[in-house]
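A closer look at the structure
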Amino acid sequence: MSSQHPSSGLPGDHYRGADGPLPRQANPSWMGQVQPEHYQAAPGHQGQPLAVVVPPPAQGAALSVSRTRSGLVGLTVAGGVLAFLSLFLVVPFLLSNTGAAGFLIGFLASLIPLSVVLAAVHIIDRWEPEPKRLLFFAFTWGAAVSVAVTLLIQPFFVIAFQFSDLPDLQTYMATVQAPIVEEFAKSLGLLILLLAARRQFDGPVDGVVFAFTIAGGFAFTENILYFGRAIAESASPASDFAQVFFLRGVMSPFAHAIFTGTTGLVMGFAARRWNTAASIGAFFVGLLPAMFLHNRWNSMGQGFLLDYIVVQVPIFVLAVGGIIFLRVAEKRLTRQRLLEYSAAGWFTRAEVQLLATHGGRRTALAWAANAGRKRQMKQFLKATTQLANTRQRILGGRDVPLHQAEERQQLQQIVSLRAAIAG
């Protein structure tokens, strides 16, 4: 396969490379850098039968695609079983600290900040939605498994620490034990996702999505504990519950999400390298900022309000700005990869403009809704975004035969969906 830009490019197309092995805009952002030796032409179309114009199947590649999809089912089932078993440790722990009434009220109240975090996940993930089964794995890992891991590990920290009195122990548990153990337990789920579902873990945006989902689950369970305990252990449960809910549910619903989100961000960049050693290294590197931010949050004491305004609010604003920046880069990368398929004849330039912008997608969906084909258009938009990400994996230079097999399937699906939309 040639490393030159496809000769099948449309006449006059300025995305054909004139000055080197890469088209001039092959690297639209730092998110999807392509090395010249890995660049390959998009399979040409030019109106020929699909089976003729796509690369010939690599031996065993189609079977690998099937096995990978079966692996996702296995990961989901294994995660569900592990989460179910974790409940036998987590639920009794919560009930012993909150009582039945506190547990019930805490559970219901915790749904409010959880819904805020999950709404943010939905917004971040809207461009290229992750498989629901992986989001389910992430949430159950955060809500049950990571809590169980924390409960199992934290006694060893108590044994290892020589404390002079109870306040000394409580400070240690909040500022040392909690950041280390909780971030390790949450991020372990990220590492499993990166290693076991690497075809869906495409980059930093996916890392943030999975991290936010895991952290949202963990915060949900932790809020049950704090809300329920405020009711069970207080002489004035209503006022204490209101105070705790305001601090955790109103002022800081994204605290855990931002902590773990830094780990997800680092691991998302490592996902671009498709290297197991790099993924494991990113896990440990990504834990450092998460633990630091967690420590700084738990270390706020009498000057909480000042620290919250001066330090935590800017961190939150920076996180929001960073996520917006990542999503813009993700859309630019999608547009460039689809333009390369356009140069090979699969899409018109006007179609790429519709497929690679939010405004264009809204226009396409509105038109399809009037024609009674909105469902098919949604599938078409999703398929083209997945195709762009598959091409990025191909250009990454790893597992190329596997991803080319997936590319063929996606191109066939796109042809079918195009026919269904056209009626």
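What comes next concerns the included structure. (Residues numbered from 1 in each chain as written. Predicted model: local features only at pLDDT ≥ 70, side-chain atom pairs only at ≥ 80, totals over all residues. Heavy atoms only, no water.)

1. Remarks on the overall build of the protein
- For the protein, the count of helices and strands is 13 helices and 0 strands.
- Mapped from its N terminus to its C terminus, the protein presents α and β elements in the order α-α-α-α-α-α-α-α-α-α-α-α-α.
- Relative to its full complement of 423 residues, the protein shows a buried share of 49%.
- In the protein, 77% of the contacts between residues at least 6 apart in sequence involve partners at least 24 apart.
- Roughly 19,400 Å² of accessible area belongs to the protein as shown, and the carbon and sulfur atoms make up 66% of that amount. (Helix = DSSP H or I, 4+ residues; strand = E, 2+ residues; numbered from the N terminus. Buried < 20%, exposed > 50% of the residue type's maximum accessible area, 1.4 Å probe, protein only. Contact = heavy atoms within 4.5 Å. Areas by Shrake-Rupley, 256 points an atom, 1.4 Å probe, with all protein chains shown as cover.)

2. As for a nonpolar patch on the surface
- Residues Val73, Val77, Val81, Phe84, Leu85, Leu87 and Phe88 make up a contiguous nonpolar surface patch of roughly 670 Å² in combined accessible area.
- Mapped onto the elements, Val81 comes out in helix H2 (residues 61-124).
- For Val81, a relative accessible area of 46% gives the class partly exposed. (Patch = residues over 30% accessible without salt bridge, like charges linked within 9 Å, V, L, I, M, F, W, Y side chains within 5 Å. Salt bridge = Lys/Arg side-chain N within 4 Å of Asp/Glu carboxyl O.)

3. With respect to the side chain of Gln376
- In this structure, Gln376 sits in helix H12 (residues 374-396).
- With a relative accessible area of 16%, Gln376 lands in the buried category.
- With residues near it in sequence (within four places) discarded, Gln376 still touches Leu417, Ala420 and Ile421.

4. What about helix H5 (residues 204-232)?
- With 29 residues, H5 extends 41 Å from end C-alpha to end C-alpha; this agrees with the ideal 42 Å at 1.5 Å per step.
- Taking burial as the measure, the 29 residues of H5 include 26 buried ones, the bulk of the element. (Expected span 1.5 Å × (residues − 1).)

5. What about the nonpolar core?
- Core analysis: the biggest nonpolar cluster contains 49 residues, and Leu193, Phe210 and Phe212 have the highest contact counts within it.
- At the level of secondary structure, the elements contributing two or more residues to this core comprise H2, helix H3 (132-160), helix H4 (166-196), H5, helix H7 (255-271), helix H8 (276-298) and helix H9 (304-343).
- What Phe210 contacts, discounting residues up to four positions off in sequence, is Glu130, Leu134, Leu135, Ala138, Leu190, Leu193, Gln200 and Phe201.
- With 21 residues, the next largest nonpolar core counts Ala344, Val352, Ala368 and Leu387 among its residues. (Core = buried A, V, L, I, M, F, W, Y, C linked by side-chain atoms within 4.5 Å.)

6. What to know about the pattern of salt bridges
- Using the criterion set out here, one finds 7 salt bridges in the structure.
- Residue Arg393 is joined to Glu406 by a salt bridge in which the shortest nitrogen-to-oxygen separation is 3.8 Å. Residue Arg393 is located in helix H12, and its partner Glu406 is located in helix H13 (residues 400-422); the two are separated by 13 residues in the primary sequence. In terms of burial, Arg393 and Glu406 fall into one category: buried.

7. Some points on the packing of aromatic side chains
- Within the structure shown, the criterion is met by 15 aromatic pairs.
- With a centroid separation of 6.0 Å and 65° between ring planes, the pair formed by Phe184 and Phe283 is classed as edge-to-face. Taken together, the residues span a long stretch of sequence, with Phe184 in helix H4 and Phe283 in helix H8 at a distance of 99 residues.
- Taken together, the ring pairs in this structure connect Phe103, Phe107, Phe139 and Phe220 into an aromatic cluster.
- Taking NZ or CZ as reference, Lys186 lies 5.2 Å from the ring centre of Phe218, over its face. (Phe/Tyr/Trp six-rings, centres within 6.5 Å; stacked < 30°, edge-to-face > 60°. Lys NZ or Arg CZ within 6 Å of the ring centre and 35° of its normal.)

8. Some words on the side chain of Arg361
- Relative to the elements of secondary structure, Arg361 occurs in helix H11 (residues 358-370).
- In this structure, Arg361 is buried with no salt-bridge partner, the nearest side chain bearing the opposite charge being Glu330 at 8.5 Å.
- For Arg361, the side chain forms a polar contact with the main-chain oxygen of Trp127, separated by 3.4 Å.
- Once you skip the residues sitting within four places of it in the chain, Arg361 turns out to touch Trp127, Leu354, Leu355, Leu381 and Thr385. (Lys, Arg positive; Asp, Glu negative; His and termini not counted. Polar contact = N/O pair within 3.5 Å; in protein donor to acceptor, adjacent residues only side chain to side chain.)

9. Focus on empty space enclosed by the protein
- In this structure the tally under the stated criterion is 1 cavity of 30 Å³ or more.
- Quantified by volume, the largest cavity comes out at close to 40 Å³.
- Taken together, 10 residues line the largest cavity, and the ones lying closest to its centre are Asp202, Gly203, Val205, Arg272 and Glu330.
- It is H5 that contributes the most residues to the lining of the largest cavity, 3 residues altogether.
- By residue class, the composition of the lining of the largest cavity is 3 nonpolar, 2 polar and 5 charged. (1 Å grid on protein atoms, 1.4 Å probe; cavity = no way out; pocket = protein on both sides within 12 Å on 5 of 7 lines; lining within 4 Å. Points joined across faces, edges and corners; volume = space filled by probe spheres on them. Nonpolar A, V, L, I, M, F, W, Y, C, P; charged D, E, K, R; others polar.)

10. Looking at H8
- With 23 residues, H8 should cover 33 Å at 1.5 Å per step; its first-to-last C-alpha distance of 33 Å lies within 8% of that length.
- Among all positions of H8, only Ser279, Ala282, Phe283, Gly286, Leu287, Ala290, Met291, Leu293, His294, Asn295 and Trp297 are buried.
- Elements that come into contact with the buried residues of H8 comprise H4, H7 and H9.

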